[in-house]
Structures are given as structure tokens and as C-alpha cells.
Amino acid sequence: MIRGYLSMFRSYWPMLLFGLFTVFIGNFGQSFFISWYGAAIQQQLGLSAAAYGSAYSGATLVSGLTIMVIGGAVDKFPLRRFVTLVAVGLTIAALLMWRVDSLLSLVLALFLLRFCGQGLMPHTAMTAIGRYFSLNRGKATSIAGNGVPLGEMILPSIAVALIALAGWQLSWLIIAFFVPLVFLPLVFWLLSKAGASEAETVAPKVRTDATDWVDGSRRTLLSDGRFWRALPLLLAPPFIVTGLFIHQGFVLEQKGWSPALFASAFVLYGAVHWAASIVVGSLVDRYSATRLFKFMGIPFVLGLSLGAFREGIWVVYAMMATLGIGIAMMGTIANALWAEVYGTTHLGSIRSLFTSLSVLATSASPALLGLLIDAGIDARTFLLSMAGYAAVGVVLALTAFHEPASHS
């Protein structure tokens, strides 16, 4: 397995590093990074927790809808130009965070952070990787996707250090300088070093029912019943993880787990996420994403059920480790799945639809699960409800991506 990664890296390192760094820079718009600024923002603007949460959810919701409209442009623009536009948007977002002084400016800043950071940066990287690679698409996707766990492991410490040294707003000015002065020159250089793609130089490997349909991208996708049967499972990881992290205080209090314990388990979650994605990448290249994706929900079913019925400290680590495996499977398998099933001609348009739906899932999760909490459920029922959702997704996925594609 390691030999296969090393061989691929020697041949295609510029494009692999482009994917990794582009996904990594998108972490500035991810919830785990922005959350470190939440308390300071609320204090400075005099916002209640409800007002801040509503602003964040609203910005995320609009971001998801906008990605659905704009994301397909990656199919039409040269890669260098598109990543430049996204980087400019992320820079503007950081500058707005630096100068935020009202609820309106905060909403606009959060929208751009979520849109360009959480949404378009990884979307751009994964679309490029999906087109560039063929035989090693799974391993390539796992390397690029590791920009997320890499960020989960190192960016919180950087955020804490920046806030301590420069204050929370000035730290965003530093980020605003970093994107155009470090990130863009680096990815331009990497793209200039990237030669012919693997998809062009290596004979394509025939697998499943992949085809480049020219009629349609999203129309084809939305008329394919297999997509709708697969969608609940594909959206389960972002829905579950976001809901659990946002409402962690509710779970920790009822289970008797301390925040420090959960924080240490989060480090394990990031490490397992990284390691599992490497393994899953090799498995995708060996067995195909269409064969493996139906298993994505199993770690969530097992981990959340364990957390629901057991109380020990070790349960926190076991649950977070299984969630790390599940997120790794989702990140690698889902990104390879679209190219395998629908081809690469409209890959950006298809991925943008899924990215948009994923963002919407992360927006809906805190609100829907919050309603359950307000209705009086306990932590066991909370965890089991998410495990049940994952289990239903697995059952539905068993009937997806087997029969030939339908245009009905």
C-alpha cells in the first residue's frame, strides 16, 4: 500500500500537493476553526448565543445554495483562474472578519468564509483531482482530502496562538495576507510543475458503469433513482458530525464526560481520520468507490450505538475513533464516486450539487437535533437517533449503483 502511494507521489507530486494545500486552506472556513472565535465575536458585538448561532446557520445556508449555482463554473474556467477567484473571495472574507463591527458585516464575512473556505476550496481541489487521476483516483483523493484532518490537528493551536499574540481580529488580517502572498504563489508554482494527467497518459481502467454523459450533469444526476437512494447515506457523515459537535455540551453533561476528555478524543479523531483515509484510498483503487460506499455508515452505527449504551471514559475514544473512520470513508469514497459513475465531463457541476447539499445538511443538523433536545430526549436517544439515520442510509444504499443508469 505504502509503495503504491510513494510511486504515485514521485510521478504526480505537484498535483497531489496542489490538492492537499487547496483543501487545507479551505479549513479557514470550516466550523472547527471559526468556532475558536465565536466567544470573542459574541462578546465584542454584544450578541446572544441564539443571535450568533442564527447568523452562522443563515450564512451557511445561503452559502450552500450559492455553491449549487456557482460551483459548476469550475467546469468552464481554467483551473488557475478559478482557484484565484476563490482565493480572492477567501481573502475578502478574512478582511471583513478583521473589520467586523456589526451583525450585518459578520453575516457577510461568515457567508464568504463558508462559501469560499468550506465550499469552493475543497470543491475546486477535488474536482481537479478527480479529472487528473484515473487508476489512482482513490489514493489521490485521500491525499488531497487529508488537508482536512491536517487542519484539524494543527490549526486550532495556531488559532489560539494568533489570538493570544495579536487578538482575534488582527489574526484575521494575518490570514488575509497569507492567502495571496503564500498560498497563491505556491499553488501557481505547483500547477506549473504538473505535467500531463494520469487520465491522459495511462489507459483508463474500466470499472462499474462510468460514462461521460454529455447530456447532462445535474439533469442526469437528478433523474437517476440510484442517486436518491444513495443520498441519505452520503449526507449522513456531515449531518451527524456537525450535530454531535455543535451539541456536544448536552451529550457530555448527561454522559458525565468532561470537555477536556472530549478535546483529547478529538485529537484521536483527527489522527484516525488521517490514517483511515490513506487505507481507504488504496481500497477504492482496488475495489472501486461504487462497491465500498455502502459500508460508509457502519462506523457511525457502531460508534454512536456504543456511545449511547456505555458510559466509560474509553467509550469516548472508541466513539470518536469510529467517527474518524466514517468521515475518512466519506471524504475519499464520495469524491471518487461521482467520477466513477458519471464520468468527468461535468464533474464540477455534479460535485457542486453534492457539496451544496452537504453544506445544507451541516446547516440543518444543529436545528433539527436541537428540536429533539428541546423536546426532552436524553443523550442515549440523541445518539441512537443519529445511529438509526446512518442505518437507514446503509439499507437504502444497498440498492444504489448496481443497475445501469437511467435517464427516465
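Since the structure is predicted, the reported quantities are computational estimates derived from the model, not experimental observations.

## Side note on helix H18 (residues 347–374)
Argument step 1. The terminal C-alpha atoms of H18 lie 41 Å apart, and with 28 residues this matches the ideal 40 Å at 1.5 Å per residue to within 8%.
Argument step 2. The sharpest bend along H18 comes to roughly 30°, located at Ala364, with the proline Pro366 sitting one to four residues further on.
Argument step 3. Counted residue by residue, H18 has 22 buried out of 28 residues, so it is predominantly covered.
Argument step 4. Trailing H18 by a residue or two, Gly376 shows a phi angle of about 100°, which is positive.

## Examining the pattern of salt bridges
Argument step 1. The tally for this structure, following the rule as stated, stands at four salt bridges.
Argument step 2. A salt bridge links Arg131 to Asp75, with the shortest nitrogen-to-oxygen separation between them at 2.0 Å. Taken together, the positions of Arg131 in helix H6 (residues 103–132) and Asp75 in the loop between helix H4 (49–70) and helix H5 (79–99) put the pair 56 residues apart, joining distant regions of the chain.
Argument step 3. Between Asp285 and Lys139 there is a salt bridge; the shortest N-O distance is 2.9 Å. Taken together, the residues span a long stretch of sequence, with Asp285 in helix H14 (residues 259–287) and Lys139 in helix H7 (residues 137–145) at a distance of 146 residues. Like Lys139, Asp285 is buried.

## Overview of the packing of H4 against H6
Argument step 1. For the pair H4 and H6, interaxial distance at closest approach is 8 Å and the crossing angle is 45°. Viewed along their axes, H4 and H6 adopt a mutual orientation that is oblique. Here H4 runs over H6; the crossing is right-handed. Two secondary-structure elements touch here, H4 through Tyr52, Ala55, Tyr56, Ala59, Thr60, Val62, Ser63, Thr66, Ile67 and Ile70 and H6 through Leu103, Leu106, Val107, Leu110, Phe111, Arg114, Phe115, Gln118 and Gly119.

## Remarks on the environment of Val69
Argument step 1. Tracing the backbone shows Val69 in helix H4.
Argument step 2. Judged by its relative accessible area of 65%, Val69 falls in the exposed class.
Argument step 3. Residues Val69 and Ser356 lie 287 residues apart in sequence; the distance between their C-alpha atoms is 9.0 Å.

## Side note on the confidence of the model for the protein chain
If pLDDT is low for a region, its predicted coordinates should not be looked at in detail.
Argument step 1. In this model, the protein chain carries an average pLDDT of 86, and 94% of its residues clear a pLDDT of 70 or more.
Argument step 2. The secondary-structure element of the protein chain with the lowest mean pLDDT is helix H11 (residues 218–222), recorded at 73, while H5 shows the highest, at 97.
Argument step 3. Across residues 403–408, confidence stays below pLDDT 50; counting only partners more than four residues off in sequence or on other chains, it has 15 contacts.

## Description of the environment of Ile240
Argument step 1. Checked against the element boundaries, Ile240 lands in helix H12 (residues 225–246).
Argument step 2. A residue is classified by how much of its surface remains accessible, and Ile240, at 0% relative accessible area, is buried.
Argument step 3. Each residue touching Ile240, except ones within four places of it in the same chain, is listed here: Phe300, Leu304, Met386, Tyr389 and Ala390.

Thresholds applied
- Residues numbered from 1 in each chain as written.
- Predicted model: local features only at pLDDT ≥ 70, side-chain atom pairs only at ≥ 80, totals over all residues.
- Heavy atoms only, no water.
- Helix = DSSP H or I, 4+ residues; strand = E, 2+ residues; numbered from the N terminus.
- Expected span 1.5 Å × (residues − 1).
- Bend = angle between axes of the 7 residues up to and from the residue.
- Buried < 20%, exposed > 50% of the residue type's maximum accessible area, 1.4 Å probe, protein only.
- Salt bridge = Lys/Arg side-chain N within 4 Å of Asp/Glu carboxyl O.
- Axes fitted to C-alpha atoms, helices over the stretch in contact; angles between N-to-C directions.
- Parallel < 35°, antiparallel > 145°, perpendicular 65-115°, else oblique.
- Left-handed = near helix turned anticlockwise from the far one by under 90°.
- Contact = heavy atoms within 4.5 Å.
- pLDDT = per-residue confidence, 0-100.

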